[in-house]
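# Topology and contacts: notes
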Amino acid sequence: MAPQNLTEYERKRLENIKRNDEMMAALKIHSKAATLSATAKRQRAKTYKVSPVKKPKAEIPIVIRRSLRTRGMPPDSKGLADDFCDNFDKNPKSFSPLKPHSPRVLGPISMSDAFSGDEMESNKMLIETILSISKKTQVGVSVLEEFDDVKDVQEEILSDIDEKGKSGSCKTEVSECPVKVEKVKEEFEGGKSESVSCGLVKGMVKNEYFDGSVNIEKSDPWLESLDLKPENVARLLPGRIMVVKFFPCSSMRMIAAGNKFGNVAFWNVDCEDENEDGIYLYRPHTGPISGILIPQYSMSKIFTSCYDGFLRMMDAEKEVFDLVHYCDDIFSLSQQPDNFTSLYFGEARGGLNIWDIRTGKSSKNWMLHEDRINTIDFNSQNPNIMATSSTDGTACIWDLRSMSAHKAKTLKTVSHSRAVHSAYFSPSGSSLATTSLDDKVGIISGLNFEDISMIYHNNHTGRWLSSFRAIWGWDDSYIFIGNMKRGVDVISPAQRRVVMTLQSPHMSAIPCRFHSHPSEVGMLAGATSGGQVYIWTPR
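Predicted model, so just to flag it, every value in this text is computed and none were measured.

As a working rule, side chains carrying opposite charge can pair if their charged atoms are close by. Under the criterion given, the structure shown has 7 salt bridges. E8 is paired through a salt bridge with R11; the nearest N and O atoms lie 2.4 Å apart. With E8 and R11 both in helix α1 (residues 8-27) and 3 residues apart, this pair spans about one turn of that helix. With a relative accessible area of 56%, E8 lands in the exposed category. Given a relative accessible area of 37%, R11 falls into the partly exposed group. With a shortest N-O distance of 3.0 Å, D270 and R253 are connected by a salt bridge. On the criterion of sequence distance, the pair formed by D270 in the loop between β9 (264-268) and β10 (279-282) and R253 in the loop between β7 (241-246) and β8 (254-259) is long-range, its members being 17 residues apart. Judged by its relative accessible area of 30%, D270 is partly exposed.

Here it is as structure tokens:
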């Protein structure tokens, strides 16, 4: 076989391979590589690990979680946790811790069982205090004496309405003052006065009417002197306060308040006991408190209602929260000023029920609104005239005398674009103030409530605050409503605007619900969603 002919490249390659092999052999590289490979492949000795003895596992019973509904229990209305415990030590006054949540009781509850304090002596002290207030002689006489001037103002307004035929042209006389009216007008227009504050001149009020006229009159001295003292601030309840009420008496300052957890607290502001703070907490309900009613003729019997549909009467003489009525839900509670035998409450979605206390039965009921009724109020001059506010966006005025058994017709309907949370008559009964989530405060006035004015006010309280509810003061001059900047706005119906704002460094939260003392002019209570109550008093 003939040898292959190799190219120059292949011959050069074979020579390089031969030379490299000779070099490797001279260095004994192959023998050293074999020695290292044999060392790496040595067999390792096998080891055995003794495993510990396994302990038998404890048998844990399997718990199947079931909802309250499947267990046939009522829903838990405890709600979300509040920051109450975080700020507890920051407040000048506090209360005892709450008792565990108790289920609904379809029957009477003793005050000792509903009491949330540790010492039962406090429960006895509150009962004795309420009974002593109730046994005192007629407080209505002193109330009438203090409000003689208010009645004179009301008579002037009513007589002016008869003459003019419309409340928008309300005539007010210029009060005597050290300065001339012309000079005061110039100070308002030119802004030269150093005493101008929040649209007010000290001791003076500027009234602007729809016809363009301007009038100056003296303002109420107590309005300028309203002050919040540290001793008039207390935290009564955990969570959001839904209702706050003064006891209708002048001998002692006492407040009742209810929150969204079903608690009702009493605060004796004038408590002189060094070992007591005057705050007494009870748990008669399991849902948000929708109404507290303290009859002036018998303050020892206090009615309370809640969203869960319970209507109870706290009888201090019997020391019990008695069950008056039970239904699906109750959203509002009221009573005619001259009828102490009937209770008016809003139930379900727009229903109004009249409950006869003597017979323990419902005497009448109507469906007045398409959604729930938030407030019920009666005209002080004509108790047959009733006003209701509803989540359906309307506030209505009714005449109970013309409401048939099956059909109710309104005298006046005021429409808002969103839910109406309150509708209250003025002390004279000539006007109605409504509060709505559409950022409006409505003023309805006139001989037949034909004049409607809407005043802008920020009413967006959000999810965590109680809704604002504007209330009247002690006459028809001013309306009080909460302010989102931790203040109290004072609205003048005559000027159709906010004329001043009450503020104090002692006010650490936004006041949402208010009540003016029925017999103490200038005493105003405001409640917050953190459980605090502020009492404004004249200096």
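Having seen the structure, we can now continue with the description.
Overall, the coordinates contain 10 aromatic pairs when judged by the stated rule. On the numbers, 5.9 Å between centres and 70 degrees between planes, the contact of W474 with F480 is edge-to-face. Neither W474 nor F480 differs from the other in exposure class; each is buried.

Residue placement: Y297 occurs in the loop between β11 (289-293) and β12 (301-306). With 162 residues separating them along the chain, Y297 and K135 place their C-alpha atoms 9.9 Å apart. There is a polar contact of 3.2 Å between the side chain of Y297 and the backbone oxygen of F340.

Right, let's talk about the nonpolar core for a bit. Residues F247, F266 and Y282 are the most contacted members of the largest nonpolar core, which totals 30 residues. Per element, the largest residue contribution to this core is 5 residues, and it comes from helix α4 (residues 120-135). Residues L226, F480, V490 and F514 belong to the second largest nonpolar core, which totals 19 residues.

On to the sheet that holds β9, then. If you trace the 4 strands from one edge of the open sheet to the other, you get β7-β8-β9-β10, paired in antiparallel fashion. In the strand order of this sheet, the two ends are held by β7 and β10, each with one partner. Sheet twist, expressed as the mean angle between neighbouring strand axes with direction ignored, is 15 degrees. Pairing analysis gives 5 bridges linking β7 to β8, with the strands arranged antiparallel. What sits directly across from V244, in β8, is A257. The sheet strands contacting α4 are β8, β9 and β10, and the helix crosses β10 at an angle near 105 degrees.

This part covers the environment of D451. One can find D451 in strand β26 (residues 451-456). D451 sits in the partly exposed class, given a relative accessible area of 23%. Residues D451 and S431, spaced 20 residues apart in sequence, show a C-alpha to C-alpha distance of 9.4 Å.

The next point concerns a negative patch on the surface. Negative charge collects at one region of the surface, where D118, E119, E121 and E128 lie side by side. On the secondary structure map, E128 appears in helix α4. The class for E128 is exposed, based on a relative accessible area of 55%.

Attention now moves to the side chain of T388. Counting through the fold element by element, T388 comes out in strand β20 (residues 385-390). Those residues in contact with T388, other than ones at most four positions away along the chain, are H369, I373, T375, I376, T394, A395, C396, W398 and A423.

With that out of the way, let us pick up a nonpolar patch on the surface. Side chains of M23, M24, L27 and I29 sit close together on the surface and give an oily, nonpolar patch of about 340 Å² of accessible area. Broken down by element, the residue count for the nonpolar patch peaks at 3 residues, all from α1. Take M24: it is sitting in helix α1. Under the relative-accessibility criterion, M24 is labelled partly exposed at 31%.

Another point: α1. With 20 residues, α1 ought to run about 28 Å at 1.5 Å a step, and its terminal C-alpha atoms sit 29 Å apart, in line with that. Phi turns positive, to about 55 degrees, at K28, one or two residues after α1.

Attention now goes to the sheet that holds β20. In spatial order, the strands read β19-β20-β21-β22; together these 4 strands make up an open sheet with antiparallel pairing. Single-partner strands in this sheet number two, and they are β19 (373-378) and β22 (410-415). Averaged over all pairs of adjacent strands, the angle between strand axes in this sheet comes to 15 degrees, irrespective of strand direction. Here strand β21 (residues 394-399) runs beside β22; their pairing, made up of 5 bridges, is antiparallel. Paired with W398 across the strands is T410, a residue of β22.

About the cut-offs
Residues numbered from 1 in each chain as written. Predicted model: local features only at pLDDT ≥ 70, side-chain atom pairs only at ≥ 80, totals over all residues. Heavy atoms only, no water. Salt bridge = Lys/Arg side-chain N within 4 Å of Asp/Glu carboxyl O. Helix = DSSP H or I, 4+ residues; strand = E, 2+ residues; numbered from the N terminus. Buried < 20%, exposed > 50% of the residue type's maximum accessible area, 1.4 Å probe, protein only. Phe/Tyr/Trp six-rings, centres within 6.5 Å; stacked < 30°, edge-to-face > 60°. Polar contact = N/O pair within 3.5 Å; in protein donor to acceptor, adjacent residues only side chain to side chain. Core = buried A, V, L, I, M, F, W, Y, C linked by side-chain atoms within 4.5 Å. Pairing = 2+ DSSP bridges. Axes fitted to C-alpha atoms, helices over the stretch in contact; angles between N-to-C directions. Contact = heavy atoms within 4.5 Å. Patch = residues over 30% accessible without salt bridge, like charges linked within 9 Å, V, L, I, M, F, W, Y side chains within 5 Å. Areas by Shrake-Rupley, 256 points an atom, 1.4 Å probe, with all protein chains shown as cover. Lys, Arg positive; Asp, Glu negative; His and termini not counted. Charge placed at Lys NZ, Arg CZ, Asp CG, Glu CD. Expected span 1.5 Å × (residues − 1).

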